[in-house]
Amino acid sequence: MKTPTLLAAASLAAMFTLAACNSEPEVIGGPADPQAEALKNAPPVELPPSITASRTYRCADNSLVFVDFFSNDTAAVRATENGERHQLAKAEGGAFEAEGYEVSANAETIQYKAPGKSEQRCRA
C-alpha cells in the first residue's frame, strides 16, 4: 500500500517544482545589435563578378600569358602564373585594354600586346 502513496507524493512534489517556474517565455540571446538599424537600411550586397573563363595562352615568342575573363566584361592578365595581375576593361572595339596591355577577345586564339613588346598572336 505504500507504493500508491509514494507515487502520489512524488507527483505532488513535481507539481510544486513546476509551479515555481516562471510562466513568461524565456528570451535567449545577447544584447540588441547596435548596427541593426543601419543594416536594415543598407543597400543590397552586390556580389563580385564571377570568372567566366580562365585561359593559358602560348604566344608566338614561346612565352605564356594567363588571362581570366570575368562576367562584368573585364579581364585580368598575368605574364607569369602567380605574377602581378593587370585589370583590363572591354573597349568599344571588343578588345580588353588598360595600362598598355591589350587582349583581343575571349577566344582560343588572341592578339596580345604588353608594354614594351610588339603585338603577337597567342593560342590557348
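Details of the structure are given in the entry above.
> Account for the overall build of the protein, with residues named and values stated.
Across its full length, the protein holds 2 helices and 8 strands. Along the protein, helices (α) and strands (β) appear in the sequence α-α-β-β-β-β-β-β-β-β when read from the amino end. Classification of the 124 residues of the protein by burial places 21% in the buried group. Partitioning the contacts of the protein with sequence separation of at least 6, the portion at a separation of at least 24 is 22%. With the model as given, the accessible surface of the protein reaches about 9400 Å², and the carbon-plus-sulfur share is 57%.

> Outline the pattern of salt bridges, listing residues and values.
A side chain with one charge can pair with a side chain of the opposite charge if their charged atoms come near. Tallied over the full model, the rule gives 4 salt bridges. Of the charged contacts, one joins Arg78 and Asp68 as a salt bridge, the two residues approaching to 3.0 Å between their closest N and O atoms. Residue Arg78 is located in strand E3 (residues 74-78), and its partner Asp68 is located in strand E2 (residues 64-70); the two are separated by 10 residues in the primary sequence. Put simply, Arg85 and Asp68 hold a salt bridge, and the shortest N to O gap is 3.6 Å. Note that Arg85 is positioned in the loop between E3 and strand E4 (86-90) and Asp68 in strand E2, a separation of 17 residues in sequence. Classification of Asp68 by relative accessible area gives buried; the value is 6%. A single network of salt bridges, built from pairs that share partners, joins Asp68, Arg78 and Arg85.

> Now, about the sheet that holds strand E1 (residues 51-59): what can you tell me, with residues and values included?
Ordered in space as E1-E2-E3-E4-E5-E6-E7-E8, the 8 strands form a closed barrel in which the pairing is antiparallel. Mean inter-strand twist for the sheet, computed between neighbouring axes without regard to direction, equals 30 degrees. Pairing geometry for strand E7 (residues 109-113) and strand E8 (residues 120-123), over 4 bridges, is antiparallel. Bridged to Ile110 within E8 is Cys122.

> Could you give an account of the environment of Thr109, with specific residues and numbers?
With respect to the helices and strands, the residue Thr109 is situated in strand E7. In the structure, Thr109 is positioned 15 residues away from Ala124 in sequence and 6.3 Å away in space, judged by C-alpha atoms. Those residues within four positions of Thr109 in sequence are excluded, and the remaining contacts are Arg121, Cys122 and Arg123.

> Hey, could you go over the side chain of Arg78 for me, with residue numbers and the actual values?
Since its relative accessible area comes to 12%, Arg78 is described here as buried. Within the local environment of Arg78, its side chain forms a polar contact with the side chain of Asp68, the two groups lying 3.0 Å apart. Within the structure, Arg78 has its side chain in polar contact with the backbone oxygen of Glu81 (distance 2.9 Å). Arg78 has contacts with Val65, Phe66, Asp68, Gly83, Glu84 and Arg85, leaving out every residue within four places of it along the chain.

Reading the values: rules and limits
Residues numbered from 1 in each chain as written. Predicted model: local features only at pLDDT ≥ 70, side-chain atom pairs only at ≥ 80, totals over all residues. Heavy atoms only, no water. Helix = DSSP H or I, 4+ residues; strand = E, 2+ residues; numbered from the N terminus. Buried < 20%, exposed > 50% of the residue type's maximum accessible area, 1.4 Å probe, protein only. Contact = heavy atoms within 4.5 Å. Areas by Shrake-Rupley, 256 points an atom, 1.4 Å probe, with all protein chains shown as cover. Salt bridge = Lys/Arg side-chain N within 4 Å of Asp/Glu carboxyl O. Pairing = 2+ DSSP bridges. Axes fitted to C-alpha atoms, helices over the stretch in contact; angles between N-to-C directions. Polar contact = N/O pair within 3.5 Å; in protein donor to acceptor, adjacent residues only side chain to side chain.

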